[in-house]
Amino acid sequence: MNRIKKAAALLEAALIALLFTGCFSYHELESLTIVTGIAIDKGAGGTKYRMTFECLNMSGGGGSEDAQTPQAVVLQSEGDSVFDAVRGVLSESSQKLYFSDCQEVILSRDIAKEGIRKVIKWFLSDAETRVTLRFVVSEEPTAAELLQQEVQTGQTPALEISGALEEAYSNSLACLPLRLYEINAILSRPGLSLTLPGVRVVREGEKSWLRLGATAVFRDDRLAGWLPEERVPYFIFVRGKVNGGLIVPGDRMPGVTFEIGENRTDLGVTFSGGVPSAEVRTETAVSADEIAAGEKNGDVGGPSFSKLQSAAEETVKAGVEGVIQYVKEKFGTDIFGFGLKISRDYPSEWEKLSKDWDKTFLRMSCRADAKVTIRDTSKLVEKELEP
């Protein structure tokens, strides 16, 4: 009996090992056209969508030296649905389109104004596209022209945008990238309105390049307007998504730059007469990378560093309160997540407020409290006095 049990266990183990040696939906690399980026515009001639695909053809250029060199190509197709347009592009490609390596989807302003739910629904339901796809909105007249740029970095436009989003997430305050699953979560629940990074073309003479620009603000799934670039960093402070970047006090203390090491943001909510009030509390550790002319290096407890700290705190406080007021006046929709905070911490109050949250958000008072700690002075550089 023991021998039979051992034999059965060995057979089961062998079957499991056999099952794990294969790949589901396996394709030969040379038979694929890998899609690296997608742009979606309104269609022409009666169709709803025009889609542009940036692709890498892995079959190479045909010669022995470039046989393994991916060739970048741009394909276009139109259709009455996203699926229809995707199927239509197969007539232009002799190889199967492979979407699993696609990282970015660029939406035109017109598509964003009409609503993006139907668009993201296809990407959520398709078997090959990943839920880690990132979406951006073109600030140019069309989305396609971003993929048709001749960029100066040697990369394809889609890969250049991907690199910029990675850099923005880890080291700067240029935008707040969102992936497909995060977009779907925001659109599926009240209390937080959607934002997406904007991308534009910078032109200087005959040269042009892509860069992150303003942030697209949505009301439900429709584009409501643009948050200016200079206000985006403080929006990211409120959202508690700061991973790096700079604080520049400007006129408060000219010539000073702080590099952010760590940041923590807490949202506090209180109620008076059923109307909520919010406080945004930030705690930021920074390095002072430059000091103004005439300032001397010294102990962080000295008076000059006290002024530096105050300048940084006033900059963050004013920026946070300013962006909240700007969004209230321009868009009237909660892109900061105050409603989400109330729904989690005060569910009974949220039940009363959720039906008309945007109007309540407009009446809600908000203040900021910023604390900045200068923890590293080893990089301080005294700027030379100009003659």
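Residues numbered from 1 in each chain as written. Predicted model: local features only at pLDDT ≥ 70, side-chain atom pairs only at ≥ 80, totals over all residues. Heavy atoms only, no water.

### Topic: the overall build of the chain
Helices and strands together make up the secondary structure of the chain, namely 12 helices and 13 strands. Sorting the 387 residues of the chain into buried and exposed places 46% on the buried side. Here the analysis covers contacts within the chain between residues at least 6 apart in sequence; of these, 68% occur between residues at least 24 apart. Counting only carbon and sulfur atoms, one obtains 49% of the accessible surface of the chain, whose full area is about 20100 Å². (Helix = DSSP H or I, 4+ residues; strand = E, 2+ residues; numbered from the N terminus. Buried < 20%, exposed > 50% of the residue type's maximum accessible area, 1.4 Å probe, protein only. Contact = heavy atoms within 4.5 Å. Areas by Shrake-Rupley, 256 points an atom, 1.4 Å probe, with all protein chains shown as cover.)

### So, the nonpolar core
Counting 46 residues, the largest nonpolar core has Phe336 and Phe338 as the members making the most contacts within it. Broken down by secondary-structure element, the contributors of at least two residues to this core are α8 (232–239), β11 (257–272), β12 (275–290), α9 (303–330), α10 (338–345), α11 (347–353), α12 (357–363) and β13 (365–376). Sort the elements by how many residues they give to this core and α9 lands first, with 10 residues. Setting aside residues up to four positions removed in sequence, phenylalanine 336 forms contacts with Leu192, Phe235, Val238, Arg239, Leu267, Val323, Ile324, Val327 and Phe361. Judged by nonpolar contacts, the second largest core, of 39 residues, contains Ile40, Val119, Val137 and Leu178. (Core = buried A, V, L, I, M, F, W, Y, C linked by side-chain atoms within 4.5 Å.)

### Digging into the pattern of salt bridges
Scanning all chains against the criterion turns up 18 salt bridges. For arginine 134, the salt bridge goes to glutamate 104, with nearest N and O atoms at 2.9 Å. With arginine 134 in strand β6 (residues 134–138) and glutamate 104 in strand β5 (residues 104–107), this pair connects stretches of sequence that are 30 residues apart. In this pair, the class of arginine 134 matches that of glutamate 104, namely buried. With its nearest N and O atoms 3.8 Å apart, the salt bridge here joins glutamate 140 to arginine 203. Placement of the pair is glutamate 140 in the loop between β6 and α5 (144–147) and arginine 203 in strand β7 (residues 195–204), with a sequence separation of 63 residues. Judged by its relative accessible area of 11%, glutamate 140 is buried. Where salt bridges share partners, they join Glu104, Arg134, Glu166 and Arg179 into one cluster. (Salt bridge = Lys/Arg side-chain N within 4 Å of Asp/Glu carboxyl O.)

### Examining the environment of lysine 359
Among the secondary structure elements, lysine 359 is positioned in helix α12. With relative accessibility at 53%, the residue lysine 359 sits in the exposed group.

### Observations regarding the packing of helix α4 (residues 117–125) against helix α7 (residues 180–187)
Packing of α4 against α7 brings their axes to within 11 Å, and their N-to-C directions diverge by 130 degrees. Looking at the two axes, α4 sits oblique to α7. Here the hand of the crossing between α4 and α7 comes out left-handed. Of α7, the residues touching α4 (which contributes Arg117, Ile120, Phe123 and Leu124) are Leu180, Ile183, Asn184 and Leu187. The class makeup of the residues in the contact of α4 with α7 is 6 nonpolar, 1 polar and 1 charged. (Axes fitted to C-alpha atoms, helices over the stretch in contact; angles between N-to-C directions. Parallel < 35°, antiparallel > 145°, perpendicular 65-115°, else oblique. Left-handed = near helix turned anticlockwise from the far one by under 90°. Nonpolar A, V, L, I, M, F, W, Y, C, P; charged D, E, K, R; others polar.)

### So, the environment of tyrosine 169
Along the chain, the position of tyrosine 169 falls in helix α6 (residues 157–171). With relative accessibility at 48%, the residue tyrosine 169 sits in the partly exposed group. The spatial distance from the C-alpha of tyrosine 169 to the C-alpha of asparagine 243 is 6.9 Å, given a sequence separation of 74 residues.

### Describing the confidence of the model for the chain
Scored by pLDDT, the chain comes out at a mean of 84, with 80% of its residues at no less than 70. Put simply, helix α1 (residues 2–19) is where the chain has its lowest mean pLDDT, 55, and strand β9 (residues 222–227) is where it has its highest, 98. Counted against residues more than four places away or in other chains, residues 61–67, with its pLDDT under 50, gives 8 contacts. Confidence over residues 378–387 falls short of pLDDT 50; this stretch has 21 contacts with residues more than four positions distant or in other chains. (pLDDT = per-residue confidence, 0-100.)

### Section: α8
When you tally the buried positions in α8, you get 8 out of 8 residues, the bulk of the element. Note on α8: the residue one or two positions beyond its end, glycine 240, has a positive phi of about 70 degrees.

### A closer look at a nonpolar patch on the surface
A cluster of nonpolar side chains, namely Leu124, Val131 and Tyr181, defines an oily patch on the protein surface of about 250 Å² accessible area. In this fold, valine 131 is placed in the loop between α4 and β6. (Patch = residues over 30% accessible without salt bridge, like charges linked within 9 Å, V, L, I, M, F, W, Y side chains within 5 Å.)

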